[in-house]
Amino acid sequence: MYLDTDTLFAQADYHDIEVPQREEIVEKTTKRRSGGGKLKLGAGGAAAGLDASRGSDIERQATYSLEPNMKAKISKVIDGLLAEGAVKTRPGRDDVLGRDDLVEIEGTTRITAASHFGKLFFILRQILEDANLEDLGDLPATLSGTDPRLLEQMKRVYLRNELLPVPVLLELERSGLPQKVYVNVDPNHFIDNASANRVEGDLRVLGTVSQVIDGSPDGYLSAETWLLSGWEYMLRRTFMTQVGDVLAGLRESWADVGIALPEGDVDAYISGPAIVVNAIALY
């Protein structure tokens, strides 16, 4: 469903786990070619019984490649990492997790509001390339407009579930950890487009911890990576100072048409205590 093979094999290399490679197979066969006839010696043509042929050997060589089955290859690498203790498997309340830890966590995933809104902002950025906004405060009105280009893009994304080239933020619930667990899913590693339909549900996540957010008053992480993927840096930072009101308006307008997003979900910020895991594999 989702697999970042480059990162997985890099982890295997770091932990000295052997990765099955393509084998070059060389087969040699030897066939003896015999001569014919006998040398007759003696008076009267009596055969002395000596074979006059010496014969010769013919050697044939064939070379071909044997590619390891990809599914078996991946399974062996993951099993090797687990066997070496390189992965913190099913960490619990007493486990301390830090950045760059390789973890395997089970739970129930769901797409956060930040990613739902992020899809909309990605569509908006494409539409606004030709638009002329005088102020960022005009964005809510633009988002609720009836521009046919906006409506068509929304149909593609929300009705046809088109996979956009933006990262997706999932929350992994019922993980057994005391802090919230969020999973960053890069769009470039889905095995096929249909897999995007299956990122929500009971899943196992293999990945590396990229962020640890404490529970202090200052413990938060901006969700701009998922909200405003692809936006220019300064515009993104400027917009993030106003995004709270915009998202509140969007929540209200979506609720009016029967789309209710969970309260306390990630909108503009991730509040601690929480961790963010960069996904290597979902299965």
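What you see is a predicted model; the values in this text were computed from it and never measured. (Residues numbered from 1 in each chain as written. Predicted model: local features only at pLDDT ≥ 70, side-chain atom pairs only at ≥ 80, totals over all residues. Heavy atoms only, no water.)

(A) Geometry of the packing of helix H1 (residues 5-14) against helix H2 (residues 70-83). The interhelical angle for the contact between H1 and H2, taken along N-to-C directions, is 45°, at an axis separation of 10 Å. The pairing of H1 with H2 is recorded here as oblique in orientation. Considering how the two elements wind past one another, H1 and H2 form a crossing that is left-handed. Contacts from Thr5, Leu8, Phe9, Gln11 and Ala12 in H1 reach Lys73, Ile74, Val77, Ile78 and Leu81 in H2. Each residue belonging to the contact of H1 with H2 can be placed in one class, and the counts come to seven nonpolar, two polar and one charged. (Axes fitted to C-alpha atoms, helices over the stretch in contact; angles between N-to-C directions. Helix = DSSP H or I, 4+ residues; strand = E, 2+ residues; numbered from the N terminus. Parallel < 35°, antiparallel > 145°, perpendicular 65-115°, else oblique. Left-handed = near helix turned anticlockwise from the far one by under 90°. Contact = heavy atoms within 4.5 Å. Nonpolar A, V, L, I, M, F, W, Y, C, P; charged D, E, K, R; others polar.)

(B) The arrangement of the packing of helix H3 (residues 113-128) against helix H8 (residues 243-256) in detail. Where H3 meets H8, the axes come as close as 12 Å, and the angle between the chain directions of the two elements is 95°. Between H3 and H8, the crossing angle belongs to the class labelled roughly perpendicular. Taking contact as the criterion, the partners of Ala113, His116, Phe117, Leu120 and Phe121 in H3 are, on H8, Val246, Leu247, Leu250, Arg251 and Trp254. Within the contact of H3 with H8, the residues separate by chemical class into eight nonpolar, one polar and one charged.

(C) Local environment of the environment of Leu206. Along the chain, the position of Leu206 falls in strand S10 (residues 201-213). When its relative accessible area of 2% is taken as the criterion, Leu206 is described as buried. In sequence terms Leu206 and Val87 are 119 residues apart; their C-alpha atoms lie 8.6 Å from each other. Once residues lying within four places of it in the same chain are set aside, the contact partners of Leu206 are Leu8, Ile78, Val87, Leu102, Val103, Glu104, Asn278, Ala279, Ile280, Ala281 and Tyr283. (Buried < 20%, exposed > 50% of the residue type's maximum accessible area, 1.4 Å probe, protein only.)

(D) Inspection of unusual backbone geometry at higher detail. Of note, the amide linkage connecting Gly272 to Pro273 takes the cis form, showing an omega dihedral of 0°. Among the structural elements, Pro273 can be located in the loop between strand S12 (269-271) and strand S13 (274-282). Its identity as a non-glycine residue notwithstanding, Arg174 has a phi of 55°, on the positive side. Examined against the element boundaries, Arg174 turns out to sit in the loop between strand S8 (168-173) and strand S9 (180-185).

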